[in-house]
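# Notes for the structure review
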Amino acid sequence: AAPVTVTESAMAIALARDGGIGIIHKNLSIERQAEEVDIVKRSESGMIQQPITLGPDRSLREALQIMRKFHISGIPVVDAQGHLLGIITDRDIRFESELERPIAEIMTKENLVTAPMGTTLEQAEAILQRNKIEKLPVIDKSGKLKGLITFKDIQKKKRHPLAAKDDAGRLVCGAAVGIAANTLERAEALVQAHVDVVVVDTAHGHSQGVLDMVRQIKQTFRH
């Protein structure tokens, strides 16, 4: 077979930053393909509206695994109702070796700097600089976490002014599906990961199966 160049999250991020869009290939499990889309959508944003969070009883090991997977340096810590309790960052864990410790024992919780809903990126940047921090949790009046603004995302926005973004300020990302029996299940997982476009990818673009699948996907996931 001829060699094929395919796109995964790293390439999709690079393409979107320059105003294009990457299509995550379908030679992956459903879960893995949706994860690749999720990595792109979480890679940078104006305000991350559904940030990755952990409960206070989760282990330092799990926090480290998530940070490495998503290339992030901090995770908000919330209770079961979504109230912000603290934040665990690479600064908190840099010298920790007991990986089974609960993050509640390590996280930053005193004098936690937060911002209210409606905070602009310009206001957030000033708060981050004034307090010499890199992550700013956004909370509502009851203390529930609603988003996260990071200094890194603000800098990326400045460096890539022509980046292709969705309405929430996230990089755009597409994904390919085929015509297999589980294609609607795959498409559902991709939609849940906030994919922007689904491409029915096949070597036989003239086939009736492709036309039928395009119709099914449009009917099922029409917004």
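The present account deals with the structure reproduced in this document.

Cut-offs used in this document
Starting afresh in each chain, residues are numbered from 1 along the sequence in its written order. Where local features are concerned, this predicted model is filtered to residues with pLDDT of at least 70; where side-chain atom pairs are given and counted, the filter is 80 or more; whole-chain, interface and lining totals use all residues. Only hydrogens and water are set aside when side-chain values are computed; all heavy atoms of the structure are taken into account. Strands pair, by our definition, only if DSSP identifies at least two bridges between them. Secondary structure elements are defined from DSSP: runs of H or I of at least 4 residues count as helices, runs of E of at least 2 residues count as strands, and each element is numbered from the N terminus. Whether two residues are in contact is decided by their heavy atoms: any pair within 4.5 Å suffices. Working convention: axes come from line fits to C-alpha atoms, limited for helices to the stretch in contact. Angles between N-to-C directions cover 0 to 180 degrees. Working rule for handedness: look at the near helix, and if it is turned counterclockwise from the far one by less than a right angle, call the crossing left-handed; if clockwise, right-handed. Gly is put with the polar residues, along with every residue not named as nonpolar or charged; the nonpolar set is Ala, Val, Leu, Ile, Met, Phe, Trp, Tyr, Cys and Pro, and the charged set is Asp, Glu, Lys and Arg. When a residue's accessible area, from a 1.4 Å probe over protein chains only, is under 20% of the maximum for its type it is buried; when over 50% it is exposed; and in between it is partly exposed. This arc is taken over the directions from the axis of the helix to the C-beta atoms. Pairs of N or O atoms within 3.5 Å make up the polar contacts considered here, provided that, within protein, one atom can donate a hydrogen while the other can accept it, and that residues adjacent in sequence are counted only when both atoms are side-chain atoms. We count a salt bridge whenever a side-chain nitrogen from Lys or Arg sits within 4 Å of a carboxyl oxygen from Asp or Glu.

Bringing the sheet that holds strand S4 (residues 115–116) into the picture now. The three strands are arranged S4-S5-S6 in an open sheet whose pairing can be described as mixed. Each edge of the open sheet is held by one strand with a lone partner, namely S4 and strand S6 (145–150). Taken together, the five bridges between strand S5 (residues 135–139) and S6 define a ladder with antiparallel strand orientation. Residue pairing across strands places Pro137 opposite Leu148, the latter belonging to S6. Against the sheet, helix H5 (residues 121–131) contacts S4, S5 and S6, and its axis sits at roughly 125° relative to S5.

Looking now at the packing of helix H1 (residues 9–17) against helix H2 (residues 30–43). The contact between H1 and H2 brings their axes to 9 Å, and the two run at 35°. Note that H1 runs across H2; the crossing there is right-handed. Where H1 approaches H2, its residues Ser9, Ala12 and Ile13 are matched on the opposing element by Glu36, Ile39, Val40 and Ser43. Its residues placed into classes, the contact of H1 with H2 shows four nonpolar, two polar and one charged.

The buried fraction of S6 is high, at five of six residues. Linking two consecutive strands that pair antiparallel, namely S5 and S6, is a turn of five residues; a positive phi of about 90° is found at Gly143 within it.

Along H5, the residues classified as buried are Ala124, Glu125, Ile127 and Leu128. Each buried residue of H5 lies within a common arc of 165° when the element is viewed along its axis, so the set occupies one face. Turned more than 90 degrees away from the buried face of H5, the exposed residues are Glu122 and Arg130. Buried residues in H5 make contact with S4, S5, S6 and helix H6 (151–159). One or two positions beyond H5, positive phi appears at Lys132, with a value near 55°.

So, on to the side chain of Thr183. Structurally, the position occupied by Thr183 is in helix H7 (residues 183–192). Judged by its relative accessible area of 2%, Thr183 falls in the buried class. In this structure the side chain of Thr183 is engaged in a polar contact, spanning 2.8 Å, whose partner is the backbone oxygen of Ala180. The contacts of Thr183, once residues within four sequence positions are left out, are Val177, Gly178, Met213 and Ile217.

For the rest of this paragraph, the subject is the pattern of salt bridges. A complete count under the given rule lists 13 salt bridges for this structure. Between Arg42 and Asp38 there is a salt bridge, and its shortest N-O distance comes to 3.1 Å. One end of the pair is Arg42 and the other is Asp38, both in helix H2 and four residues apart, which spans about a single turn. Note on Asp38: relative accessible area 17%, which makes it buried.

For Asn111, which is not glycine, the phi dihedral falls at a positive 55°. Note on placement: Asn111 falls in the loop between helix H4 (90–93) and S4. A residue is classified by how much of its surface remains accessible, and Asn111, at 76% relative accessible area, is exposed. Here Lys132, not a glycine, exhibits a phi torsion of approximately 55°, which is positive. Among the structural elements, Lys132 can be located in the loop between H5 and S5. Residue Lys132 is classed as exposed on the basis of its relative accessible area of 67%.

Spatially, the three strands line up as an open sheet ordered S1-S7-S8, and their pairing is parallel. Every other strand in the sheet has two partners, leaving strand S1 (23–24) and strand S8 (197–200) as the edge strands with one partner each. The pairing of S1 with strand S7 (residues 174–177) spans two bridges and is parallel. The residue of S7 that forms the bridge with Ile24 is Ala175.

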